[in-house]
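Working through the structure, step by step
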Amino acid sequence: MKPTNTRKKLTLKDVANALSITPATVSKALRDSSDISAETKERVKKACDELGYRPNLLARILTNKKSKILGVIFPDLRISFFSEAVRGMYEEATKKGYECIFLVHDEDAEKEKQKMEFLSDIGVDGILLNSAGGKKNLKLYKRFSEEGIKILSWDRKLEDSCFKSVTIDDKKASFELTNKLISQGRKNILFLGLSSGISVEIARFEGYKAALKANSIKFNPNLVIETFRSTKDSYQKMIEVLKNNIKVDGVISVGGGLSTFGAGKAILDQGLSIPDDIILSEFGDNDIVSRLGVPFYTVFQNPYKLGKTALNMLVKVIENPKLKDSIQDVQIEYKILQR
């Protein structure tokens, strides 16, 4: 049996004609229907391979009401935390017979909306959402949920919504990280981040302030730098702080490794020592920060486990819709490590 020489896409009918059976029989064989013999199923699958026939995705979705496709939306390809989490999702999805489509929103609510609409248009069964839109896109999330697309939030909670999430306890982690620096005699701790209103950054800021208060250290607004995932911006702003003689003996960076790297480089370029003069600490992206060649503290957020857990929760809800109202938010354990 030779593949057709025409450029026209093969149809179910073409396969049926080649085997002298009905299109309905071919369709049932491909769906592994119980009323089709094992011999016929094998003949159909072999013919499809030889002819180069692939079932139409849209037709499969309409027939089965499921696509076995999941969408994953996240902020940034450059951050190792996200790549590790996505790896966990991919591996777990493969085990469960799902394919994933990975899309980046670059912290842009409008881009996120476009990505969500694309995923809806191709008929995904569910979406793992690391939201940039938050309240701006909340109506969109709810509409897709009402249309049958299961949505689970990961890394970031969707505040004021019914959507469940898989995260760490960001406020507690930031409290403990700040305490770690204070326990080493640091009282002028700079908070690096908080320029985008993202829920995790807000929680980490609250944890930072709570730790200062618990240790009777007055909050100093001059020790808050607004920067976001930019080596150049954090470098320049850290240089300004140091040149203005603002006393700093510790840094907590919450916007990713790029920001932490920029701040650390600025400290070193000003002839200061890490950690003797300024202790450097950050959340979860030490692959980049380690290039500084200095010791630092990091909140290890278990991204691989977080990704696998989120994927498993989403598939459970897709395959058992009745579980939707019984599942609860999950918090993954974290560790504060010295690198």
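As a convention, each chain's residues are numbered from 1 in the sequence order in which they are written. It should be noted that, the model being predicted, local features are given only for residues of pLDDT at least 70 and side-chain atom pairs only at 80 or more, the latter also being counted only at that level, while totals for whole chains, interfaces and linings use all residues. Hydrogens are left out, water is left out, and the side-chain values use all remaining heavy atoms of the structure.

What about the overall build of the protein?
Short version of the rule: Comment: elements are numbered from the N terminus, with helices defined as DSSP H or I runs of at least four residues and strands as E runs of at least two. Atoms considered for the radius of gyration are the C-alpha atoms alone. The globule rule reads 2.2 Å times the number of residues to the power 0.38. Relative accessibility decides the category of a residue: with a 1.4 Å probe and only protein chains considered, values under 20% of the type maximum give buried, values over 50% give exposed, and everything between is partly exposed. Note on contacts: a residue pair qualifies if any of its non-hydrogen atoms lie within 4.5 Å across the two residues. Methods summary: accessible areas were calculated by the Shrake-Rupley approach with a probe of 1.4 Å, and residue burial reflects only the protein chains presented. When charges are counted, Lys and Arg contribute as positive and Asp and Glu as negative, whereas His and the chain ends are disregarded. Charge coordinates come from a single atom per side chain, which is NZ of Lys, CZ of Arg, CG of Asp or CD of Glu.
Broken down by element type, the protein carries 13 helices and 12 strands. Over its C-alpha atoms the protein spans a radius of gyration of 26 Å, topping by over 25% the 20 Å that the globule rule assigns to 339 residues. Judged by the C-alpha coordinates and their principal axes, the protein covers about 85 × 40 × 30 Å. The buried share among the 339 residues of the protein stands at 47%. Taking the intrachain contacts of the protein between residues at least 6 apart in sequence as the baseline, contacts between residues at least 24 apart amount to 72%. Carbon and sulfur atoms make up 48% of the accessible area of the protein, which amounts to about 17100 Å² in all. Taking the average place of the 55 positive charges on the side chains of the protein and the average place of its 44 negative ones, the gap between the two points comes to 3 Å.

Topic: the packing of helix α1 (residues 12–19) against helix α2 (residues 23–30)
What counts here: Between N-to-C directions, angles cover 0 to 180 degrees, with each direction set by a line fitted to C-alpha atoms, over the stretch in contact for helices. The cut-offs work like this: below 35 degrees is roughly parallel, past 145 is roughly antiparallel, 65 to 115 is roughly perpendicular, and the gaps in between are oblique. Residues are grouped as follows: nonpolar covers Ala, Val, Leu, Ile, Met, Phe, Trp, Tyr, Cys and Pro; charged covers Asp, Glu, Lys and Arg; every other residue, Gly included, is treated as polar.
One can describe the packing of α1 onto α2 by two numbers: an axis separation of 8 Å at closest approach and a directional angle of 105 degrees. Considering their axes alone, α1 and α2 lie roughly perpendicular with respect to each other. Within the contact between the two elements, α1 uses Leu12, Lys13, Val15 and Ala16 and α2 uses Pro23, Val26, Ser27 and Leu30. Class assignment of the residues belonging to the contact of α1 with α2 gives a composition of six nonpolar, one polar and one charged.

With respect to the sheet that holds strand β7 (residues 224–225)
Using the following cut-off: Pairing between strands is defined by DSSP: at least two bridges between the two strands are required.
Across the sheet, which stays open at both edges, the six strands sit in the order β7-β6-β8-β9-β10-β12 with mixed pairing between neighbours. A single partner strand is all that each edge strand has here, and the edge strands are β7 and β12 (335–338). Here four bridges tie strand β6 (residues 189–192) to strand β8 (residues 250–253), and the two strands are oriented parallel to one another. Bridging across to β8, leucine 192 finds its partner in serine 253. On the sheet, helix α8 (residues 170–182) packs against β6, β8, β9 (279–283), β10 (297–300) and β12 and is oriented at approximately 170 degrees with respect to β9. Of the strands in this sheet, β6, β8 and β9 are in contact with helix α11 (residues 257–269), which crosses β9 at around 170 degrees.

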